[in-house]
Amino acid sequence: MGDRHTVTTILVTGAAGDIGTAIAEVLARRGHRLALADHPDAAARLDETVQLCRRLGADTEGVTFDVTDEPAVTAVVEELGPLGGLVNNAGYQGVFMPVERYPIDDARRVVEINVLGVMTVLAAAGRAMISAGSAGSVVNVASMAGVSGAPNMPAYAASKAAVIGLTKAAAKDLAPKRIRVNAVSPGFVGPGRMWETQVAKQATAGSQYYSTDPDLVAPQMIGLVPMRRYGSAHEVATVVAFLLSDDASFVTGANVEVSGGSV
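This write-up is about the structure you can find in this document. Please read these numbers as outputs of a predicted model, since none were measured by experiment. (Residues numbered from 1 in each chain as written. Predicted model: local features only at pLDDT ≥ 70, side-chain atom pairs only at ≥ 80, totals over all residues. Heavy atoms only, no water.)

The helix and strand inventory of the chain stands at 9 helices and 7 strands. The globule rule puts the C-alpha radius of gyration for 263 residues at 18 Å, and the 18 Å found for the chain is close to it. Structurally, the chain occupies a C-alpha span of about 55 × 35 × 35 Å along its principal axes. Across the 263 residues of the chain, 51% fall into the buried class. Counting contacts in the chain only where the partners sit at least 6 residues apart, residues at least 24 apart contribute 72% of the total. Total accessible area on the chain is roughly 11900 Å²; 55% of this is exposed by carbon and sulfur atoms. Side chains of the chain carry 21 positive and 26 negative charges; the gap between the two charge centres is 6 Å. (Helix = DSSP H or I, 4+ residues; strand = E, 2+ residues; numbered from the N terminus. Rg over C-alpha atoms; globule rule 2.2 N^0.38 Å. Buried < 20%, exposed > 50% of the residue type's maximum accessible area, 1.4 Å probe, protein only. Contact = heavy atoms within 4.5 Å. Areas by Shrake-Rupley, 256 points an atom, 1.4 Å probe, with all protein chains shown as cover. Lys, Arg positive; Asp, Glu negative; His and termini not counted. Charge placed at Lys NZ, Arg CZ, Asp CG, Glu CD.)

Here's what the structure looks like:
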């Protein structure tokens, strides 16, 4: 990740969320210089993550931008200085509704953020790494929903499948520039806002797969996982850190499923 004698920055988008914060914490504990980013609406939570990483001794700055705003993304990336890594974690789950009733305007927003936003940040980071003549590593956060589908989440599942395809294409494009591109696909992750939201919204949406009682949805979801538990955000973060590191120096174009055996 980056040239060994150059101090580089790792940019983490979606850093105010459960998984983003866990990724930032793991990287901070490993001594990386960090630029943590999120949407301006999440500025307060982002600052909490920045302060956490600083308390851990990491050189950390916080930046806010909309990942779909290409000029803003490009300006921020250019101002960061040497960039050695990128974690593309910003995302939007969308509403929970079956495909035949799914609102197309919300689907457009899901795709705009989860696919075009990821591509926008990836492209800007790739240009910065190429311009600096340095090696680099990118990790895109996809989802098991993009691998196997998820009821009541057609737009999200489609967008995360697209992230996996984008990862594999970008890995081929950027390999000659010594830039590796991989993805991670988390399964159910908890506890936290993300888990609680998904349980509540699946219960509200209703389907043959889950009860309409949130107290029953949680064990039903866990019952789908061979390891019979949800994963922690920390467990996802350590896989991201591995893919960023030189320990994964011959790994590119991979999608690592962090799912407890779910398929």
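Resuming the write-up.
In terms of nonpolar packing, the biggest core is built from 35 residues, with Leu11, Phe65, Leu83, Val121, Val138 and Val181 touching the most fellow members. For this core, the elements supplying multiple residues, two or more each, are strand E2 (33-38), helix H3 (70-79), strand E4 (83-88), helix H4 (104-132), helix H6 (154-174) and strand E6 (179-186). Counting 31 residues, the second largest nonpolar core, distinct from the first, contains Val12, Leu34, Val50 and Ala58. (Core = buried A, V, L, I, M, F, W, Y, C linked by side-chain atoms within 4.5 Å.)

With that settled, the discussion passes to the sheet that holds E4. Read from one edge to the other, the open sheet built from 7 strands follows the order E3-E2-E1-E4-E5-E6-E7, with strand pairing classed as parallel. Only two strands of the sheet have a single neighbouring strand rather than two, namely strand E3 (60-64) and strand E7 (255-258). Strand-to-strand twist of the sheet, defined as the mean angle between neighbouring strand axes without regard to direction, takes the value 20 degrees. Of the strand pairs in this sheet, E4 and strand E5 (residues 136-141) are connected by 4 bridges, and their pairing is parallel. Note that in E5 the partner of Leu86 across the bridge is Val138. Lying on the sheet, helix H2 (residues 43-55) is in contact with E2 and E3; it crosses E3 at an angle near 170 degrees. Packing against the sheet, H4 makes contact with strand E1 (9-12), E4, E5 and E6, and its axis sits at approximately 170 degrees to E4. (Pairing = 2+ DSSP bridges. Axes fitted to C-alpha atoms, helices over the stretch in contact; angles between N-to-C directions.)

The next subject is H6. Between its terminal C-alpha atoms H6 stretches 30 Å, which fits the 30 Å expected from 21 residues at 1.5 Å a residue. Within the sequence span of H6, burial applies to Ala155, Tyr156, Ala157, Ser159, Lys160, Val163, Ile164, Leu166, Thr167, Ala170, Ala171 and Leu174. The inward-facing, buried residues of H6 contact H4, E5, helix H5 (145-148), E6 and E7. (Expected span 1.5 Å × (residues − 1).)

Throughout the structure, instances matching the rule amount to 5 salt bridges. One salt bridge in this structure joins Arg33 and Asp59, with 3.3 Å as the shortest N-O distance. Residue Arg33 is found in strand E2, and its partner Asp59 is found in the loop between H2 and E3; the two are separated by 26 residues along the sequence. Note on Arg33: relative accessible area 31%, which makes it partly exposed. By relative accessible area, Asp59 is classed as partly exposed at 48%. We note a salt bridge from Arg108 to Asp105, for which the minimum N-O separation is 3.0 Å. Taken together, the positions of Arg108 and Asp105, both in helix H4 and 3 residues apart, correspond to about one turn of that helix. What makes Arg108 exposed here is its relative accessible area of 54%. What makes Asp105 exposed here is its relative accessible area of 61%. (Salt bridge = Lys/Arg side-chain N within 4 Å of Asp/Glu carboxyl O.)

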